[in-house]
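Each chain, letter by letter, is given below.
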Amino acid sequence: MTPADASSPRYAPFGLDADSAASSLISSTIETELGPIRVHRSPTRTASTAILLLHGAAGSWTTWTPLLAAARAAGEPLTDVVAVDLPGWGDSPGPRIRSRLTLDSLADVVWQVVTHLGYTRADITGHSLGAFIALHLASIRPAHVEAVRLVSATTFSVLASVEHPLRSFGAVPGFTLLLGVFRLLRMGGDRGVGLVHAVQKIGLLRLAVSPLFRHPLRVPRSVVDALALEVRPDSFVRAAEATRGYDPAKRWASIRCAVWAVRGDADSFVPSRDLTGLLRAIPLATLAEIGDCGHFAHVERPRETLEALGFLTPRRSPLRNDEAAAR
């Protein structure tokens, strides 16, 4: 991987890489009750705890390759990595009966993958939807989840938007509009997906996804191409619908492990009040806000994200913890 922008190496310094070997991982497929799950993992198990990586909606395991590259560049590569393509995303097709894609079934299948690989505990890092699944796993398996590290976690505002899109439109208008677009695309089936690919072909997709990033013109092309590839309207809508009726205050009260949560200061999908709202449900959570960053901190600022999530000792402090906690 090479720097995306030599004049500004700190922003989005690595592109996405679909070659698992480039990330020192091996690939395999594990059969589960929701169908085959594609897994990219460290070739050797050195501990009983897996570093489990869960991507967000409209993503796949490749979204973590900049974070893995940043850890290697820092001289502290992550070990015992288990990066999955969640059912319905990446190379995991998901069940033929799509209604089986519930929050509980997703959590169960993820845990099935972990135990199948010989691990008994998990240290989970999740982005967006993946962060929500991480929190749910920690709540239903408190004895088996060692830590949860959240990047732009889907929490209170998105839950409100899914339940009451009109009444809660002002909470996260970008997400509410995107969900509406995906509902329309789902109705169009292959034609809807084809429309997105047509937008990509004429070079307008970067503009369409610009709300996700602080500096959309400086994001590597591989990131934009991956978003286009992972346009799965049905999976996206079903993932959103799976959160209906979820009571975070009640569910997350059972979480006992260490929790880190970060967001970019320009994240239009996760307002700062959602970050601090975690403290009401998880009082001991460690919060951080990463400057000059949008919804994809692990891609836009991978080194800073590793530091904020406790994987690396900060070499300097770009994080505004006090400011985030005060909001």
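The structure we're discussing is the one just above.
Residues numbered from 1 in each chain as written. Predicted model: local features only at pLDDT ≥ 70, side-chain atom pairs only at ≥ 80, totals over all residues. Heavy atoms only, no water.

### A closer look at the pairing of strand β2 (residues 35-41)
Relative to β2, strand β1 (residues 26-32) is paired through seven bridges, and the arrangement is antiparallel. Its bridge partner being in β2, Ile26 is matched across the sheet by Arg41. Here β2 pairs with strand β4 (residues 81-84) via three bridges, running antiparallel. Residue pairing across strands places Val39 opposite Val84, the latter belonging to β4. (Pairing = 2+ DSSP bridges. Helix = DSSP H or I, 4+ residues; strand = E, 2+ residues; numbered from the N terminus.)

### Quick look at the pattern of salt bridges
Counted under the stated rule, the structure contains eight salt bridges. For Glu304, the salt bridge goes to Arg10, with nearest N and O atoms at 2.3 Å. In this pair, Glu304 is assigned in helix α13 (residues 302-308) and Arg10 in the segment before β1, connecting sequence segments 294 residues apart. Using a relative accessible area of 4% as the deciding quantity, one classes Glu304 as buried. With relative accessibility at 28%, the residue Arg10 sits in the partly exposed group. Note that Arg301 and Asp292 form a salt bridge whose closest N and O atoms lie 2.4 Å from each other. (Salt bridge = Lys/Arg side-chain N within 4 Å of Asp/Glu carboxyl O. Buried < 20%, exposed > 50% of the residue type's maximum accessible area, 1.4 Å probe, protein only.)

### Points about the side chain of Ser128
As for its placement among the helices and strands, Ser128 is situated in the loop between β5 (121-127) and α3 (129-140). Ignoring anything within four residues of it in the chain, the contact list for Ser128 reads Gly56, Val151, Ser152, Ala153, Thr154 and His295. (Contact = heavy atoms within 4.5 Å.)

### Observations concerning the sheet that holds strand β8 (residues 286-290)
Spatial ordering of the open sheet is given by β1-β2-β4-β3-β5-β6-β7-β8, a layout of eight strands whose pairing is mixed. The open sheet has two edge strands with one neighbour each: β1 and β8. Neighbour-to-neighbour, the strand axes of the sheet open up by a mean angle of 20°, direction not taken into account. The sheet strands contacting α3 are β3 (49-54), β5 and β6 (145-151), and the helix crosses β6 at an angle near 155°. (Axes fitted to C-alpha atoms, helices over the stretch in contact; angles between N-to-C directions.)

### A closer look at the packing of aromatic side chains
If you walk through the whole model with that rule in mind, you get five aromatic pairs. Measuring from ring centre to ring centre gives 6.1 Å for Phe132 and Trp252, while their planes differ by 70°; the resulting arrangement is edge-to-face. With Phe132 in helix α3 and Trp252 in the loop between α10 (248-251) and β7 (258-264), the pair connects residues that are 120 residues apart, well separated along the chain. By the burial criterion, Phe132 is buried, and Trp252 matches it. An aromatic cluster is present here, built from Phe132, Phe156, Tyr246 and Trp252 joined pairwise through their rings. (Phe/Tyr/Trp six-rings, centres within 6.5 Å; stacked < 30°, edge-to-face > 60°.)

### As for the pairing of β7
Among the seven residues in β7, five count as buried, and that is most of the element. Here five bridges tie β6 to β7, and the two strands are oriented parallel to one another. By the bridge assignment, Val148 is partnered in β7 with Val259.

### Thoughts on unusual backbone geometry
Even without a glycine there, the phi angle at Ser24 is positive, about 60°. In this fold, Ser24 is placed in the segment before β1. Look at Ser24 and you get partly exposed, because its relative accessible area is 46%. Located in the positive-phi region is Ser128, a residue other than glycine, with phi close to 55°.

Keep in mind these numbers describe shape, not what the thing actually does.
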